[in-house]
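Chain by chain, the residues run as shown.
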Amino acid sequence: MARRGKKKGRSVSGWVVLDKPVGMGSTEAVSKIKWLFQAEKAGHAGTLDPLASGMLPIALGEATKTVPYVQDGAKVYRFAVAWGEERSTDDLEGPVTNTSDRRPAEAEVRALLPEYTGVIMQTPPQFSAIKIAGERAYDLARDGETVDIPAREIEIGRLDLLEHNGDRSVFEVECGKGTYVRSLARDMGRDLGCFGHIAELRRVEVEPFTAEDFVTVAELEAARFGGKTDESAEETEAATDFSAIDALLVDTAAALDCLPQVAVSDDAATKIRLGNPVIIRGRDAPVEAEEACATARGKLVAIGAIEQGMFKPKRVFAG
């Protein structure tokens, strides 16, 4: 008997800006979205811990080529710090490692914020994906090892105190790539002499996406199955109708708002997709750019460089 080939997914492309619920891991979320869209390829732009909720941008198909641009974008988190306890994981998951009866006054917390704004040095948590001698720090931590993780430079655009009630403070932070919010809670607690850990964490923005782009798992399921459960829809027409769920995708090109945009003709787009450079025409066209993206009829064609008035493709996208 001939072996049955593995079923190939759809060549659907775009971004799902998922409002990830607490309790769902990032890998689990990607698998769920990939299944709902029956997509051939999927990946996410920045892990979000299971205990955290909020924005998890998931790329489908050709959009996976733009993941690095979203990963490098600024992020906004809203988080609550519980004072008086430090935990091994710097959040609610781990056991308590240090305690204090002291609680910071609101004025003390506000006075500390400037020290955590701008370019600062930060040590990632013991339970993090940082690689130490080829192994993930969280794997070593689970084995009971305490490892020396070097501090690294991060950038925090702003850190605002939203609420304070003595035992707990709520903050909003805008930060760059590589920032660990759990480390912020840990370090602020130590500086205030009272210890602290993350009690709630929600990611509300990942540049260039905003809360207006959010979509929930429930909304995606409703669009995919027309109000039926996924099990009851398996053998129905709803199981093969993707028009409603595809309408919830954010266009692939949205991830590249940070790059100069160059509009090209259909003929030029065909040449670019074959890997050929084309002359950029138009009064407002840039003459030089290390990175830019070419579009035709509003659809993404390629990412490339502009040199001496010519667009030279580096990564092309299917039409």
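Our subject is the structure that appears above.
Let me begin by describing the structure that accompanies this report. (Residues numbered from 1 in each chain as written. Predicted model: local features only at pLDDT ≥ 70, side-chain atom pairs only at ≥ 80, totals over all residues. Heavy atoms only, no water.)

## Digging into the pattern of salt bridges
Part 1: Under the counting rule described, the total for this entry stands at 21 salt bridges.
Part 2: As a salt-bridge pair, Asp251 and Lys299 come within 3.4 Å of each other at their nearest N and O atoms. Linking Asp251 in the loop between helix H7 (243-246) and strand E13 (261-263) with Lys299 in strand E16 (residues 299-307), this pair joins segments that are 48 residues apart in sequence.
Part 3: Salt bridges sharing partners connect three or more residues here, namely Arg78, Arg158, Asp160, Glu172 and Glu174. (Salt bridge = Lys/Arg side-chain N within 4 Å of Asp/Glu carboxyl O. Helix = DSSP H or I, 4+ residues; strand = E, 2+ residues; numbered from the N terminus.)

## Some remarks on the sheet that holds strand E17 (residues 310-316)
Part 1: Taking strand neighbours across the sheet as the criterion, the five strands line up as E13-E15-E16-E17-E14 in an open arrangement whose pairing is mixed. Every other strand in the sheet has two partners, leaving E13 and strand E14 (278-279) as the edge strands with one partner each.
Part 2: The strands touched by helix H8 (residues 266-273) are E14, strand E15 (289-296), E16 and E17; relative to E16, the strand with the most contacts, the crossing angle is about 75°. (Pairing = 2+ DSSP bridges. Contact = heavy atoms within 4.5 Å. Axes fitted to C-alpha atoms, helices over the stretch in contact; angles between N-to-C directions.)

## Quick word on the packing of aromatic side chains
Part 1: In total, this model carries three aromatic pairs according to the counting rule given.
Part 2: Between Trp15 and Phe209, the ring centres sit 5.5 Å apart and the planes meet at 50°, which makes this aromatic pair tilted. With Trp15 in strand E1 (residues 14-20) and Phe209 in the loop between strand E12 (196-206) and helix H6 (217-225), the pair connects residues that are 194 residues apart, well separated along the chain. For the pair formed by Trp15 and Phe209, the shared burial category is buried.
Part 3: Just above the ring of Phe242 sits the side chain of Arg10; from NZ or CZ to the centre is 3.9 Å.
Part 4: One cation-aromatic arrangement involves Lys65 over Phe317; the distance from NZ or CZ to the ring centre is 5.3 Å. (Phe/Tyr/Trp six-rings, centres within 6.5 Å; stacked < 30°, edge-to-face > 60°. Buried < 20%, exposed > 50% of the residue type's maximum accessible area, 1.4 Å probe, protein only. Lys NZ or Arg CZ within 6 Å of the ring centre and 35° of its normal.)

Everything listed here is a matter of coordinates, which is why it stays silent on function.
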